[in-house]
Amino acid sequence: MPHRASFRLAPIVLALACAAGVAHAQTGAVAATPTQVRPEVDKAYTQLMGAPAIQKLLDAVKADHDRAVEDLKMLTEIEAPPFKEQKRAEAFLARMKALGLADAKIDAEGNVIGLRKGTGNGPKLLISAHLDTVFPAGTDVKVKERDGKLYAPGISDDTRGLSVLLSWLKVLNDNKVQTVGDLLFVGNVGEEELGNLRGMKAIFRNHLDIDGMVGLEPAADGTVLMLGTGSHRYEVTFKGPGGHSFGAFGQVPSAIHGMGRAIAKISEVRTPSFPKTTFTVGTVGGGTSVNTIAPDARMAVDIRSDDMASLLETEKKILAAIDEAVIEENKRWNVTTLSASNKLIGDRPGGRTPSDSVMVEAAIRSNTAFGHKTLLSGASTDANVPMSLGIPAIIIGAGGKTGGFHALSEWIDVTDGWKGAQNSLVTVLGLVGVQGTSAPLLEKRAPRRD
């Protein structure tokens, strides 16, 4: 446990650390870490860390570590490909109910949701980790231990987060810690790949009274994700009449040639370096044989930005480039028979939680209490959804050293992982407040309108 005397410095001086970010996060900081937190934030965490009941609770997190690792193994070995998370959801629900959330349920989208009520009139904080992994059905997800690490696809991203949520639920109930605000425990679907954050979108569509979100992902100690990178993904299909490569030459346009023109034009699109905005043609396909003028071709385009306006401007340029390419390919052969259509297959809204918000300052102050400097980072995560709605949200770590994300060799070292679980829990407790110890820092908002 950190030495208590270190928590009584005010104002707390906080420096920017060069640490690894949330899994898949951008390299380096996306904002400067505030050098001070507001007095009420400092006061809340001084009260929390000085309270015997909270110290006892943190001791319980440490004591629960081995059991939580067993939950981690159990859940990891239940495969959860995108859109096929149900078996893992059912297992997670069973554990939530066994640990005291009797009214927990699986919603229509497949999310597991359980509410731990506060004393009343406090804010409602969503705490979450995602159920899905990137790995297809049939992947070997058996946990293997070697060299002090646990290896299995998806074990850190994001099954560790799920197991920590269960540990929090257990220790809060066992120690009868009563928060002022409500805690909405969630294991959500649809975070990975073309899940398009469908689980989190459904939660915020159906629960209009959520005041903030703290999500758990694999992250280095001190990392606070407060920027959500937005993205749009398109499947573009080119269609033409097709024909023999020799006999129909000069009479029909090639869908592949038209797509090639489009790719060349897309590659010339200029984007700002700040806010960071990117694009790529990620996959291509089409045609029927080497001696056929292609009647069809298709490509997938990914567009991302830290700013939605920049994303939309780049999207406009790319879609215009595709239209221009079709016109040019038709003109090349004096025809009008080549066409292109696009389908939006990925839509992740972007947003940002200000670095001087109570939400971010709470995470910074909690990091300081545990001896960590803070790195403010950005990525595309479940937090994108509340950020896009103007609801404060952050992603923080669940504890443990991790690596190999999205690879079959994914691993986690859970040695002392309880320390990260303590740190993130204290962040949460400061936001919702603890009866008899600290008032909630998170503001209770007027419910949104549907």
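Everything that follows concerns the structure shown earlier in this document.
Just so it is clear, the model here is predicted, and its values are computed rather than measured. (Residues numbered from 1 in each chain as written. Predicted model: local features only at pLDDT ≥ 70, side-chain atom pairs only at ≥ 80, totals over all residues. Heavy atoms only, no water.)

J.: An account of the overall build of the protein is requested, with residue identities and associated values reported.
T.: When you go through the protein residue by residue, the secondary structure sums to eleven helices and 19 strands. For the protein, the spread of C-alpha atoms along the principal axes amounts to about 85 × 45 × 45 Å. Relative to its full complement of 450 residues, the protein shows a buried share of 56%. Restricting to contacts in the protein with at least 6 residues of sequence separation, those with at least 24 account for 82%. If you sum the accessible surface of the protein, you get close to 18800 Å²; carbon and sulfur atoms cover 52% of it. (Helix = DSSP H or I, 4+ residues; strand = E, 2+ residues; numbered from the N terminus. Buried < 20%, exposed > 50% of the residue type's maximum accessible area, 1.4 Å probe, protein only. Contact = heavy atoms within 4.5 Å. Areas by Shrake-Rupley, 256 points an atom, 1.4 Å probe, with all protein chains shown as cover.)

J.: With reference to specific residues and values, describe the nonpolar core.
T.: The biggest cluster of nonpolar side chains holds 69 residues, and the ones touching the most others in it are Phe92, Met96, Leu125, Ile127, Trp168, Phe185 and Val214. Ignoring anything within four residues of it in the chain, the contact list for isoleucine 127 reads Leu165, Trp168, Leu183, Leu184, Phe185, Val186, Val214 and Val428. One finds Val269, Ile303, Ile318 and Leu338 within the second-largest nonpolar core, a separate group that totals 20 residues. (Core = buried A, V, L, I, M, F, W, Y, C linked by side-chain atoms within 4.5 Å.)

J.: Kindly report on the sheet that holds strand 13 (residues 296-305), identifying the contributing residues and their values.
T.: The antiparallel open sheet is built from four strands, whose spatial order is 11-13-9-14. The sheet is open, and its two edges are formed by strand 11 (277-286) and strand 14 (339-348), each paired on a single side. Strand-to-strand, the axes of this sheet are offset by a mean angle of 20°, without reference to chain direction. Taken together, the ten bridges between strand 9 (residues 230-239) and strand 13 define a ladder with antiparallel strand orientation. Bridge assignment links glutamate 235 to a residue of strand 13, and that residue is alanine 300. The sheet strands contacting helix 7 (residues 255-267) are strand 9, strand 11 and strand 13, and the helix crosses strand 13 at an angle near 15°. Strand contacts of helix 8 (residues 308-333): strand 9, strand 11, strand 13 and strand 14, with the helix running at about 10° to strand 9, the strand carrying the most contacts. (Pairing = 2+ DSSP bridges. Axes fitted to C-alpha atoms, helices over the stretch in contact; angles between N-to-C directions.)

J.: Could you give an account of the side chain of threonine 374, with specific residues and numbers?
T.: Within the secondary structure, threonine 374 is located in the loop between helix 9 (358-369) and strand 16 (375-379). Given a relative accessible area of 2%, threonine 374 falls into the buried group. Among the polar contacts listed, one links the side chain of threonine 374 to the side chain of asparagine 367, at a separation of 2.9 Å. (Polar contact = N/O pair within 3.5 Å; in protein donor to acceptor, adjacent residues only side chain to side chain.)

J.: Now, about the packing of helix 3 (residues 65-76) against helix 5 (residues 155-174): what can you tell me, with residues and values included?
T.: Relative orientation of the contacting elements helix 3 and helix 5 amounts to 135°, with a least axis distance of 9 Å. Here helix 3 is positioned oblique relative to helix 5, judged by the angle of their axes. Relative to helix 5, helix 3 is oriented so that their crossing is right-handed. Taking contact as the criterion, the partners of Arg67, Ala68, Asp71, Leu72, Leu75 and Thr76 in helix 3 are, on helix 5, Ile155, Thr159, Arg160, Leu162, Ser163, Leu166, Ser167 and Lys170. Looking at the contact of helix 3 with helix 5 residue by residue, the class counts come to six nonpolar, four polar and four charged. (Parallel < 35°, antiparallel > 145°, perpendicular 65-115°, else oblique. Left-handed = near helix turned anticlockwise from the far one by under 90°. Nonpolar A, V, L, I, M, F, W, Y, C, P; charged D, E, K, R; others polar.)

J.: Tell me about the packing of aromatic side chains, residues and numbers included.
T.: For the coordinates displayed, the defined rule picks out one aromatic pair. Look at phenylalanine 249 and tryptophan 333: their rings are 5.2 Å apart centre to centre, the planes differ by 75°, and that puts the pair in the edge-to-face class. Note that phenylalanine 249 is positioned in the loop between strand 10 (243-244) and helix 7 and tryptophan 333 in helix 8, a separation of 84 residues in sequence. Just above the ring of tryptophan 333 sits the side chain of arginine 332; from NZ or CZ to the centre is 3.9 Å. (Phe/Tyr/Trp six-rings, centres within 6.5 Å; stacked < 30°, edge-to-face > 60°. Lys NZ or Arg CZ within 6 Å of the ring centre and 35° of its normal.)

J.: Run through the sheet that holds strand 4 (residues 144-146), naming residues and quoting values.
T.: One open sheet accounts for four strands, arranged 4-5-19-18; its pairing is antiparallel. Each end of this open sheet is capped by a strand with a single partner; those strands are strand 4 and strand 18 (401-403). Neighbouring strand axes in the sheet, compared pairwise and without regard to direction, differ in orientation by 20° on average. Here strand 4 pairs with strand 5 (residues 149-151) via three bridges, running antiparallel. Within strand 5, the position partnered with glutamate 145 by the bridge is leucine 150. Seen against the sheet, helix 5 touches strand 5, strand 18 and strand 19 (411-413) and runs at an angle of roughly 50° to strand 19.

J.: Could you give me a rundown of unusual backbone geometry, with the residues and numbers involved?
T.: A cis amide bond links aspartate 157 to the next residue, aspartate 158, at an omega of 15°. With respect to the helices and strands, aspartate 158 occurs in helix 5. Put simply, phenylalanine 274 and proline 275 share a cis peptide bond, and its omega is -5°. By the secondary structure assignment, proline 275 is in the loop between helix 7 and strand 11. Positive phi outside glycine occurs at asparagine 196, with the angle close to 55°. With respect to the helices and strands, asparagine 196 occurs in the loop between strand 6 (182-188) and helix 6 (198-206).

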